[in-house]
Amino acid sequence: MCGNNMSAPLPAVVPAARKATAAVSGARGPLPPAARGAGPAPSARTGSAWPVIFLHGLGDTGHGWAEAFAGIRSSHIKYICPHAPVMPVTLNMNMAMPSWFDIIGLSPDSQEDEPGIKQAAENVKALIDQEVKNGIPSNRIILGGFSQGGALSLYTALTTQQKLAGVTALSCWLPLRSSFPQGPISGVNRDISILQCHGDCDPLVPLMFGSLTVEKLKTLVNPANVAFKIYEGMMHSSCQQEMMDVKQFIDKLLPPID
């Protein structure tokens, strides 16, 4: 990955209906304004496929998750795994690494990078807009992510005016939680389906963060549409059962096209 915000690799894409790899699929398009180096979505649809946009965690790239989803993908689903820009991260002694926004601390009362979170959400919305321009209704798009990427997917879904099919939020938290209302959100995604997953042995984003997040989510959207799954013995990672639960969630929300 380039070490500046002027250029970044295309997102790793797991195309539908053929052997999937972490290799890039799709033509390079211009970055949206203020994209901060995030890779653009592919410029063309891969058959009649519903997109899942999945955001990786701090210090990672989209390639690892693209490989993971290649093993569980259904033929009518396309996974888009964009790469975060490289930036200094306060939590890690200002070392430069792939990050959707700055992280200052990991305690519940830590200061948050509000401008960075909001800009990152706008960049994700631009990826959704690109899929819509390619002919995909926004309510046939699922947003998801792991850790920092899961946090960004939740924040984006709750603040966008793009009606989405659902969110898969793995080992994460809700950023800027105090900025949300005490009651239900008024946006288009107040009935959105959310699958939140967490390991009970997570040392980096403790299970308490997940529990507090799901409690808050149930006040913001229809609580009947919020599922919280806990995986015994799982640390800050994923497992086969979690991946199968994610697959089931996605396949239920995005059935094959007739």
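Heads up: the structure comes first, above all this text.
None of the values given here were measured: they were computed from a predicted structure.

(A) Region of the structure containing the packing of aromatic side chains. In total, this model carries six aromatic pairs according to the counting rule given. Judged by centre distance (4.8 Å) and plane angle (45°), the rings of F54 and W65 are tilted. Within this pair, whereas F54 is found in strand β2 (residues 50–55), its partner W65 is found in helix α1 (residues 62–70), the two being separated by 11 residues in sequence. Here Y155 and F180 contribute two aromatic rings whose centre-to-centre distance is 5.8 Å and whose plane-to-plane angle is 70°, an arrangement assigned as edge-to-face. Here F180 lies in the loop between β7 (166–170) and β8 (193–199) and Y155 lies in helix α3 (residues 148–159), a separation of 25 residues in the sequence. Across the pair, F180 and Y155 agree in class, each one buried. Grouping aromatic residues by their ring pairs yields a cluster made of F54, W65, F69, Y79 and F146.

(B) How the structure looks around the nonpolar core. Counting residues in hydrophobic clusters, the biggest one holds 66 residues, and the most contacted among them are F69, I250 and L254. Those residues in contact with F69 that lie beyond four places of it in its chain are F54, Y79, C81, M243 and V246.

(C) The pattern of salt bridges, seen in detail. A full pass over the atoms with the stated rule returns four salt bridges. In this structure, E114 engages K118 in a salt bridge whose closest nitrogen and oxygen atoms are separated by 2.8 Å. With E114 and K118 both in helix α2 (residues 114–133), this residue pair falls four residues apart, about one helical turn. On the accessibility criterion, E114 (35% relative accessible area) is partly exposed. Residue K118 is classed as partly exposed on the basis of its relative accessible area, which comes to 38%.

(D) How the structure looks around the environment of C197. Within the secondary structure, C197 is located in strand β8. Taking C-alpha positions, C197 is 7.8 Å from G210, a pair spaced 13 residues apart along the chain. Residue contacts for C197: discarding those within four places in its chain leaves A169, L170, S171, K229, Y231 and E242.

(E) The layout of surface pockets, seen in detail. Roughly 410 Å³ of volume is contained in the largest pocket. Forming the walls of the largest pocket are 24 residues, and the residues nearest its centre are S107, P108, E112, W173 and L174. Of all the secondary structure elements, the ones that give two or more residues to the lining of the largest pocket are α2 and α4 (207–220). Examining the composition of the lining of the largest pocket, we find that three residues originate from one element, α4, more than from any other. Looking at the lining of the largest pocket, its residues break down into 11 nonpolar, seven polar and six charged. A volume near 250 Å³ is recorded for the second largest pocket. Every residue lining the second largest pocket is counted, 13 residues in all, and those nearest its centre are S193, L195, A227, F249 and K252.

Thresholds, definitions, all that
Residues numbered from 1 in each chain as written. Predicted model: local features only at pLDDT ≥ 70, side-chain atom pairs only at ≥ 80, totals over all residues. Heavy atoms only, no water. Phe/Tyr/Trp six-rings, centres within 6.5 Å; stacked < 30°, edge-to-face > 60°. Helix = DSSP H or I, 4+ residues; strand = E, 2+ residues; numbered from the N terminus. Buried < 20%, exposed > 50% of the residue type's maximum accessible area, 1.4 Å probe, protein only. Core = buried A, V, L, I, M, F, W, Y, C linked by side-chain atoms within 4.5 Å. Contact = heavy atoms within 4.5 Å. Salt bridge = Lys/Arg side-chain N within 4 Å of Asp/Glu carboxyl O. 1 Å grid on protein atoms, 1.4 Å probe; cavity = no way out; pocket = protein on both sides within 12 Å on 5 of 7 lines; lining within 4 Å. Points joined across faces, edges and corners; volume = space filled by probe spheres on them. Nonpolar A, V, L, I, M, F, W, Y, C, P; charged D, E, K, R; others polar.

Shape descriptors only; they carry no functional weight alone.
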